[in-house]
Amino acid sequence: MSPFVQTYLMPDATAVKFAIKTTLAMMLALYIALFFDLERPYWALMSAAFLQIRPMSGMVIEKGICQLGGTFIGAVAGIVIMALFAQARVPALLFLTIWIMLCTYVGSLWRNNYTYGCLMAAVTAMLIVVISSNSTPAGIFDIAVARLSELGLGAICAMLVSSLLWPSHVGTHLATQADTVINQAFEHAALRLEASDDIEAMQTALRGSLGPLTLLETDSQAARFEGPEGAGRVRATHVLTRRTLRFFANVQALHQLMHDHADRLDPQSLTLACQVAKGLREAEHVKGAPQARKELQALRYLVHESNESSALAPLDRRLRLGLRESIGHAMIMLDAREAIASPTRHTLRSSPLAWHRDHLTAGINALCAGLVFALLAVFWIVTAWQSAMIAMMLGTLFSAFFASRDNPVMITMMFYKGMLAAIPSAFLFGHVLLSQAHGFPMLAMIFGAPLFLGLLGATNPAIMGYCLSFTIFNIMLTMPGNGMDFSFDSFANRAVAVVIGLTCVMMGFRLLPGLGTRLRRRRLIKAISLDIHGLRRRSIRDAETRFSGHMADRLLQLAQHDDILPEEQRHLFILGLTGLDLGTATLRLRDRLDDAPHSLIREAHQNLLHALANGFEESANGREPQGIHAAGQQLEEAIKRYGDVPADRRVLLEGLIERLELPLERLAHIMAERPQRPSKPPAKHFTQEVQDR
């Protein structure tokens, strides 16, 4: 069934409530703006609409704070630019372009609503400089105050309606997402541990877990605004993110071992892996984390007992230890879920994630936003067309808004189609019918109809881009106010301006398409390799915090990027998982051998860590890893000769090195056979990722 048909003929209760809440918040903001005769009431409308996109109370407050903070910073920047270049329009626009590029650059390095604050700083400065180009110094200040008043009014109305009408909370949302993450992760792990050949089912379960995990991590920051329990939920979310990704890395390595090298394993080890898979599936369906944790604890004890036999080969010992580690990760994931749902009864400690910052990508995004604005600014100067300011505002807004997306051209096309649909709607409702309205109730009924229809579809990720664009451009093309101009030429000017603005955004993204798969892969390999090398130089605690945070952020981004590529090109996420597995093993080796009693053991240990880091880089570039086996033998001989290390530890060390060599060899094989010329990515729905912004 078409998503449009499903949304509008069979809308669910959540979509209807969202449309009612957002329309009510917008109409309340419009009424107050008209009552106080604000200059541009439609800014209050748009402010309320953007804040209600995620109507949970904590998210509305967080985005409202970021919006007001970004607006204030942008107002100060605009005033400073005009104070320096009030009589020199070209230098003012030049410095404004630099400011917009700076805001886009910083916004590309941050996450979630902080990016929205940077966006508002860029748009506010642009409005002040462009609108006040012919104003007096006092008029410049008045324009800045007006923008703050209008946006602040929209934010207050959105927060008020969100708190009073069908209130929803971030905590409940996070607990629901955590359930989905764990259930899908356990299903994925069960398929892996059964050495399944059903790649499609494994990928479906993996995406079903990583999608909510990405949403969970970005949304958790808003929990701070829902009382003192919020900080506990944030910490628990960090724990769940780290452990889930380690869980995925572990089960993927075990799957490769059992699927590709089953002939080198004891049949009893494979049977034990199937028992663990069955236990994970049963834990998925158990109601209540305590009972599921109890059953997993019993299963972990069973695996531990089976690993005590001295007759087991090193690889079998390593496999069973990996099964124990996977169960341990699963138990901590259940603890994190309980701490998210009930932070007062369950407390977890966790350091914040260390975000991965891609400065090259941020620079390209900034260059694209600057190019779009500069092109529209030249058009404004040459034509002296008053409505060109609308095109400049839209160019600044959407170039910064979509620059950091994986496929901005496709997203812009969705908004373009929504904008084209909004033109006849705005003409009918915003001009023909609205010109006959008398009083605010009639205005709200007529003007609110297309807004409600657009918002009704904005909850469906498949059509969100079209519907959200339809709502925004209905507002921009109508521009409701006390002194509205209902003439056809003013409407036509605005319609042409929005088409030009969005067209320039699309042209900018086509001229500067961003990082391709090849360059993204090279930069990813370099970043992970540097982090793995850095694990040898920092303290274990600091190294683990930085590495796990960087890798968690990278893996969440890589999962999103791989999802838009054809099946034969989805290798970046596997590369990231292998790097995470190798880094975790490096930290485990350091924990056991950093304090070795003899210098030769420590030297051999460092040589092994260096060989592992180099092996990852070679494998990621499609070359067979070299020197790992020799470095491992050197370390084993040094331990036998100079170290007082139990025999079982030596066997486990031997199994670990062998287990790490196998996935590196497989990664080298995958990367060597990757397509040399990536094909064009298929179209992807406008997902929840953009909705977060």
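Residues numbered from 1 in each chain as written. Predicted model: local features only at pLDDT ≥ 70, side-chain atom pairs only at ≥ 80, totals over all residues. Heavy atoms only, no water.

Engineer: How should I be thinking about the overall build of the chain in this particular structure?
Structural biologist: Counting its secondary structure elements, the chain contains 26 helices and zero strands. For the chain, the C-alpha radius of gyration of 28 Å lies close to 26 Å, the compact-globule estimate for 693 residues. In terms of overall dimensions, the chain has C-alpha extents of about 90 × 50 × 45 Å along its principal axes. Considering the chain as a whole, with its 693 residues, one finds that 58% of them fall into the buried category. (Helix = DSSP H or I, 4+ residues; strand = E, 2+ residues; numbered from the N terminus. Rg over C-alpha atoms; globule rule 2.2 N^0.38 Å. Buried < 20%, exposed > 50% of the residue type's maximum accessible area, 1.4 Å probe, protein only.)

Engineer: Honestly, the pattern of salt bridges in this entry has me stumped. Any pointers?
Structural biologist: Between side chains of opposite charge, a pair can form when the charged atoms approach closely. One pass over the structure, following the stated rule, counts 10 salt bridges. Glu325 is the partner of Arg318 in a salt bridge, and the nearest nitrogen-oxygen pair spans 3.2 Å. The exposure classification of Arg318 matches that of Glu325, with both residues buried. Put simply, Arg588 and Glu325 hold a salt bridge, and the shortest N to O gap is 3.3 Å. On the criterion of sequence distance, the pair formed by Arg588 in helix H22 (residues 572–593) and Glu325 in helix H13 (residues 314–341) is long-range, its members being 263 residues apart. One connected set of salt bridges, linked through shared partners, spans Asp179, Arg337 and Glu338. (Salt bridge = Lys/Arg side-chain N within 4 Å of Asp/Glu carboxyl O.)

Engineer: Mind showing me how you'd approach the packing of aromatic side chains here?
Structural biologist: Pairs of aromatic rings are described using the distance from one ring centre to the other and the angle between the two planes. This structure, assessed with the given rule, holds 16 aromatic pairs. Each ring, one from Phe398 and one from Phe402, has its centre 5.7 Å from the other, and the planes form 15°; the classification is stacked. Of the two residues, Phe398 and Phe402 are both situated in helix H15 (residues 388–402); the distance of four residues between them amounts to about one turn of the helix. Phe398 sits in the buried class, given a relative accessible area of 2%. Phe402 gets classed as buried once you look at its relative accessible area, which sits at 0%. Their ring planes at 70° and their centres at 4.9 Å tell us that Phe402 and Phe415 sit as a pair that is edge-to-face. With a gap of 13 residues between them, Phe402 in helix H15 and Phe415 in helix H16 (residues 408–433) connect regions that are remote in the sequence. We note that Phe402, like Phe415, is buried. A cation sits over an aromatic face here: Lys63 above Tyr116, 5.2 Å from the ring centre. Lying over the aromatic face of Trp380, Arg89 brings its terminal NZ or CZ to 5.1 Å of the ring centre. (Phe/Tyr/Trp six-rings, centres within 6.5 Å; stacked < 30°, edge-to-face > 60°. Lys NZ or Arg CZ within 6 Å of the ring centre and 35° of its normal.)

Engineer: So what exactly am I meant to see when it comes to the packing of H16 against helix H17 (residues 440–457) here?
Structural biologist: One can describe the packing of H16 onto H17 by two numbers: an axis separation of 9 Å at closest approach and a directional angle of 170°. In terms of orientation, H16 lies roughly antiparallel with respect to H17. Listed contacts from H17 to Ser425, Phe429 and Leu433 of H16 are Ile446, Ala449 and Pro450. For the contact of H16 with H17, a count of residues per class yields five nonpolar, one polar and no charged. (Axes fitted to C-alpha atoms, helices over the stretch in contact; angles between N-to-C directions. Parallel < 35°, antiparallel > 145°, perpendicular 65-115°, else oblique. Contact = heavy atoms within 4.5 Å. Nonpolar A, V, L, I, M, F, W, Y, C, P; charged D, E, K, R; others polar.)

Engineer: I keep staring at the nonpolar core and nothing clicks. Help me out?
Structural biologist: The nonpolar side chains of a soluble globular protein tend to be buried, and buried together. Among the nonpolar cores identified, the biggest contains 113 residues, and Met26, Leu96, Met126, Met392, Met393 and Phe398 are the most heavily contacted of them. In terms of residue count, the dominant contributor to this core is helix H6 (residues 113–131) (13 residues). Every residue in contact with Met126, bar those within four places of it in the chain, is listed here: Leu96, Ile100, Phe373, Met392, Met393 and Thr396. (Core = buried A, V, L, I, M, F, W, Y, C linked by side-chain atoms within 4.5 Å.)

Engineer: So what exactly am I meant to see when it comes to the environment of Ala604 here?
Structural biologist: Here Ala604 lies in helix H23 (residues 599–620). It is 9.1 Å that separates the C-alpha atoms of Ala604 and Ile639, two residues lying 35 residues apart in sequence. If we ignore the near neighbours within four places in the chain, the residues touching Ala604 are Gln634, Leu635 and Ala638.

Engineer: Please clarify how a nonpolar patch on the surface should be interpreted in this entry.
Structural biologist: A cluster of nonpolar side chains, Phe72, Ile73, Val76, Val80 and Leu84, forms an exposed patch at the surface whose accessible area comes to about 470 Å². Checked against the element boundaries, Val80 lands in helix H4 (residues 57–85). (Patch = residues over 30% accessible without salt bridge, like charges linked within 9 Å, V, L, I, M, F, W, Y side chains within 5 Å. Areas by Shrake-Rupley, 256 points an atom, 1.4 Å probe, with all protein chains shown as cover.)

Engineer: What is the right way to read H16 from this model?
Structural biologist: One turn of an α-helix holds 3.6 residues; hence residues three or four places apart share an orientation. Taking 1.5 Å of rise per residue, 26 residues should cover 38 Å, and H16 covers 35 Å from first to last C-alpha, within 8% of that figure. Along its length, H16 reaches its greatest deviation from straightness, about 35°, at Ser425. (Expected span 1.5 Å × (residues − 1). Bend = angle between axes of the 7 residues up to and from the residue.)

Engineer: Sorry, what's going on with the confidence of the model for the chain here?
Structural biologist: Close inspection of predicted coordinates is inappropriate for parts of the model with low pLDDT. Here the chain averages 83 in pLDDT, and 91% of its residues register 70 or above. The lowest-confidence element of the chain is helix H26 (residues 688–692), averaging 41 in pLDDT; the highest-confidence one is helix H5 (residues 89–109), averaging 92. With pLDDT under 50 throughout, residues 676–693 is counted as low confidence; its partners more than four residues away or in other chains account for 56 contacts. (pLDDT = per-residue confidence, 0-100.)

Engineer: Would you mind going over the environment of Ala403 with me for this structure?
Structural biologist: Within the secondary structure, Ala403 sits in the loop between H15 and H16. Contact partners of Ala403, with chain neighbours within four places excluded, come to Thr104, Asn365, Phe398 and Phe509.

Engineer: Explain the side chain of Thr23 to me, please; I cannot follow it from the model alone.
Structural biologist: Following the sequence through the fold, Thr23 ends up in helix H2 (residues 13–35). With near-sequence residues (within four places) excluded, Thr23 lies in contact with Gly448, Leu451, Phe452 and Leu455.

Engineer: It is not clear to me how the side chain of Ser108 should be interpreted in this structure. Could you clarify?
Structural biologist: Tracing the chain through its elements places Ser108 in helix H5. Owing to a relative accessible area of 19%, Ser108 belongs among the buried residues under this scheme. Engagement of the side chain of Ser108 in a polar contact is seen with the backbone oxygen of Thr104, the distance being 2.8 Å. (Polar contact = N/O pair within 3.5 Å; in protein donor to acceptor, adjacent residues only side chain to side chain.)

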